[in-house]
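Chain by chain, the residues run as shown.
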Amino acid sequence: MKRLRDPQSGCEWDVAQSFESIAPYTIEEAHEVADAIARGDMAELKDELGDLLLQVVFHAQIAQDRGHFTFADVVAAISDKMERRHPHIFGNAASGGHYLWEQIKAEERRSRAAEGTLDGVALGLPALMRAEKLQNRAARVGFDWPDAEGPRAKIDEELQEIAEATPDTLEEEFGDLLFAVVNWARHHGVDPEAALRAGNRKFERRFRAMEAEAGDDFAALDLAGKEALWQRVKERGG
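All figures in this text were calculated on a predicted structure; none of them were measured in a lab. (Residues numbered from 1 in each chain as written. Predicted model: local features only at pLDDT ≥ 70, side-chain atom pairs only at ≥ 80, totals over all residues. Heavy atoms only, no water.)

Colleague: Teacher, can you tell me more about the overall build of the protein chain here?
Modeller: Scanning the protein chain for helices and strands turns up 11 helices and zero strands. Each helix (α) and strand (β) of the protein chain, taken in turn from the N terminus, gives the series α-α-α-α-α-α-α-α-α-α-α. Taken along its principal axes, the extent of the C-alpha atoms in the protein chain is 60 × 50 × 45 Å. Across the 238 residues in the protein chain, those meeting the buried criterion constitute 23%. Within the protein chain, contacts between residues at least 6 apart in sequence are counted, and of these 45% link residues at least 24 apart. In the structure as shown, the protein chain presents an accessible area of about 16,000 Å², 57% of it carried by carbon and sulfur atoms. (Helix = DSSP H or I, 4+ residues; strand = E, 2+ residues; numbered from the N terminus. Buried < 20%, exposed > 50% of the residue type's maximum accessible area, 1.4 Å probe, protein only. Contact = heavy atoms within 4.5 Å. Areas by Shrake-Rupley, 256 points an atom, 1.4 Å probe, with all protein chains shown as cover.)

The following block contains the structure:
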């Protein structure tokens, strides 16, 4: 990557890139890693992990070019963090676990001056994942429903507000509804991002089965015909 970024002898495209221009590729590669895992394709996972590693190297090289930090600094920082957050392994703590990890993270946040409860939740996260993280942060300081009934009632409230929304407020109201659904899932211990990925995979699997069964006639079917086909695929466990 250093050679590719060389201003005189490097690749014109690589030299022109910045943190901002590469960030979308980084997010895309992370999703492709998750996709390979979901499909159980280990050969592809190997390749996708390499693509994701390339993104880390790329960002680190841009940072080094600008005098901020090096790839070695990145590796040292995460190594230090792993040791710091596992004192029961690398230190003298008697026991550990996820609760200790979260406790140490909270202490690290408090040590940073004037940081609010919601600070540090990355803007670039997928929206469902970010909503869950924001809700978890708020819950840590007591801003949360005591059980799943609260967010469930909130969904009914948001549905009514969508029914009464104007064209100018419709997007906002749908956002409130999705936020409430995430909260309801969280109270049931369900990862909303993972749930939606699974739902997407199910829809894709069933839709492909519908197309395969109908062949070239699929597009010509009316909605009732497509719905009947969908139900047949569903009954077969598609």
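Colleague: When you look at helix H3 (residues 42-65) in this model, what are you seeing that I'm missing?
Modeller: Residue pairs spaced three or four apart in an α-helix point in one direction, given the helix's 3.6 residues per turn. For H3, built from 24 residues, the straight-helix expectation of 34 Å at 1.5 Å per residue is met to within 8% by its first-to-last C-alpha distance of 34 Å. Of all the positions in H3, only Leu-45, Glu-48, Gln-55, Phe-58, His-59, Ala-60, Gln-61, Ile-62 and Ala-63 are classed as buried. You can read the cap of H3 off the contacts: a side-chain oxygen lies 3.3 Å from the backbone nitrogen of Ala-43, and it is on Asp-41. Following H3 by one or two positions, Gly-67 has its phi on the positive side, about 80°. (Expected span 1.5 Å × (residues − 1). Polar contact = N/O pair within 3.5 Å; in protein donor to acceptor, adjacent residues only side chain to side chain.)

Colleague: Honestly, the environment of Thr-117 in this entry has me stumped. Any pointers?
Modeller: Summarising the element assignment, Thr-117 is placed in the loop between helix H6 (98-111) and helix H7 (127-140). Linking Thr-117 and Ala-36, residues 81 residues apart in sequence, is a C-alpha distance of 34 Å. Every residue in contact with Thr-117, bar those within four places of it in the chain, is listed here: Arg-137, Ala-138 and Val-141.

Colleague: I would appreciate a short explanation of the environment of Leu-221 in the present structure.
Modeller: With respect to the helices, strands and loops of the structure, Leu-221 is situated in the loop between helix H10 (192-214) and helix H11 (223-235). Classification of Leu-221 by relative accessible area gives partly exposed; the value is 31%. As for Leu-221 and Arg-236, which are separated by 15 residues in sequence, their C-alpha atoms are 20 Å apart. With sequence-adjacent residues up to four places away left out, Leu-221 is seen in contact with Ala-214, Lys-226 and Leu-229.

Colleague: Help me understand the packing of aromatic side chains in this model?
Modeller: The geometry of an aromatic ring pair is captured by the separation of the ring centres together with the interplanar angle, meaning the angle of the planes. The tally for this structure, following the rule as stated, stands at five aromatic pairs. Aromatic pair Phe-203 and Trp-230: ring centres 5.7 Å apart, planes at 40°, arrangement tilted. Of the two residues, Phe-203 sits in helix H10 while Trp-230 sits in helix H11, which places them 27 residues apart along the sequence. Of the residues examined, Phe-203 reaches a relative accessible area of 48% and is grouped as partly exposed. Judged by centre distance (5.3 Å) and plane angle (80°), the ring pair of Phe-207 and Phe-218 falls under edge-to-face. Separated by 11 residues along the polypeptide, Phe-207 in helix H10 and Phe-218 in the loop between H10 and H11 bring together distant segments of the chain. For Phe-207, a relative accessible area of 29% translates into the label partly exposed. An aromatic cluster of three or more residues is present, and its members are Phe-203, Phe-207, Phe-218 and Trp-230. (Phe/Tyr/Trp six-rings, centres within 6.5 Å; stacked < 30°, edge-to-face > 60°.)

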